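If you want the building blocks of each chain, they are given just below.
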Amino acid sequence: MKRTFVDLHFETGAVHPFELLDGRFVIGSDAEASLVIELAVVAAHHVAFIVSPDSLAVEPLAHGVYVNGQKITETLVAEFPASVEIPGVTMLFRQEEAP
């Protein structure tokens, strides 16, 4: 069984690692987002992710979403490891085998 992790790298140099469960989550500045990022350049609902055992679907909900360095305007399925960037934050997604 695989476990999914994301490391959030902020422009300030701060890094925040999280373990993710399979399913959908939204990153944005709104209090109702799954993960709230309080930066003026982050939209209320900026990007959505659907995590599955073998892939990561990235759905841009606002402008300025990049997957592995390429700007996306529609949902893209990425393989692990993957890099997703929104203004002010780079997210590095990876999977590891569970012990």
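The coordinates are above.
Along each chain, numbering runs from 1 in the same order as the chain's sequence is written. In view of the model being predicted, local features appear only for residues whose pLDDT reaches at least 70, and side-chain atom pairs are presented and counted only at 80 or more, with totals across whole chains, interfaces and linings using the full set of residues. Each side-chain value is derived from all of the structure's non-hydrogen atoms; neither hydrogens nor water enter the calculation.

**Remarks on the side chain of Gln-95**
We apply this condition: Elements are defined by DSSP. Helices are runs of H or I of four residues or more, strands are runs of E of two residues or more, and each kind is numbered from the N terminus. Any two residues whose heavy atoms approach within 4.5 Å at even a single point are treated as in contact.
Relative to the helices and strands, Gln-95 is located in strand S11 (residues 89-97). Beyond its immediate sequence surroundings of up to four residues, Gln-95 is in contact with Lys-2, Arg-3, Thr-4, Ser-52, Pro-53, Asp-54 and Phe-80.

**What about the sheet that holds strand S7 (residues 66-67)?**
Where we set the bar: Paired strands are those between which DSSP finds at least two bridges.
Pairing is antiparallel across the open sheet formed by 6 strands, whose spatial order is S2-S1-S11-S10-S7-S8. Strands at the two margins of the open sheet, each flanked by one partner only, are strand S2 (15-20) and strand S8 (70-71). The sheet contact formed by S7 and S8 spans 2 bridges and is antiparallel. When the bridges of S8 are listed, Val-67 appears paired with Gln-70.

**Quick notes on the sheet that holds strand S9 (residues 76-78)**
Taking strand neighbours across the sheet as the criterion, the 5 strands line up as S4-S3-S5-S6-S9 in an open arrangement whose pairing is mixed. In this open sheet, the two strands that pair with only one neighbour each are strand S4 (35-36) and S9. Note: strand S5 (residues 47-51) against strand S6 (residues 56-60), 5 bridges, orientation antiparallel. From the neighbouring strand, Val-51 faces S6, where its bridge partner is Leu-56.

**So, the pattern of salt bridges**
Heads up, the condition is: Between Lys or Arg on one side and Asp or Glu on the other, a salt bridge is scored when a side-chain nitrogen of the former is within 4 Å of a carboxyl oxygen of the latter. Buried, partly exposed and exposed residues are distinguished by accessible area as a fraction of the type maximum, computed with a 1.4 Å probe on protein chains only: under 20%, between the cut-offs, and over 50%, respectively.
Counting across every chain of the model gives 5 salt bridges. With its nearest N and O atoms 3.0 Å apart, the salt bridge here joins Arg-94 to Asp-7. With a gap of 87 residues between them, Arg-94 in strand S11 and Asp-7 in strand S1 (residues 2-10) connect regions that are remote in the sequence. Judged by relative accessible area, Asp-7 falls into the buried class, the value being 16%. Arg-94 is the salt-bridge partner of Glu-96, the closest N and O atoms lying 3.2 Å from each other. Looking at Glu-96, the relative accessible area reads 38%, which means it is partly exposed.

**Topic: the pairing of S6**
Counting buried positions along S6 gives 4 out of 5 residues, so the element sits mostly inside the fold. Between S5 and S6, which pair antiparallel in sequence order, lie 4 residues. The pairing of S6 with S9 spans 3 bridges and is antiparallel. Directly across from Val-58, in S9, lies its bridge partner Leu-76.

**Side note on the packing of aromatic side chains**
To be explicit about the condition: Ring geometry is summarised as follows: Phe, Tyr and Trp rings, the Trp one being its six-membered ring, pair when their centres sit within 6.5 Å, and such pairs are stacked at plane angles under 30 degrees, edge-to-face over 60 and tilted between the two.
Taken as a whole and assessed by the stated rule, the structure comprises 2 aromatic pairs. Centre to centre, the rings of Phe-49 and Phe-93 are 4.9 Å apart; their planes meet at 45°, and the pair counts as tilted. One end of the pair, Phe-49, is in strand S5; the other, Phe-93, is in strand S11, with 44 residues separating them in the sequence. A connected cluster of aromatic rings, assembled from ring pairs, spans Phe-25, Phe-49 and Phe-93.

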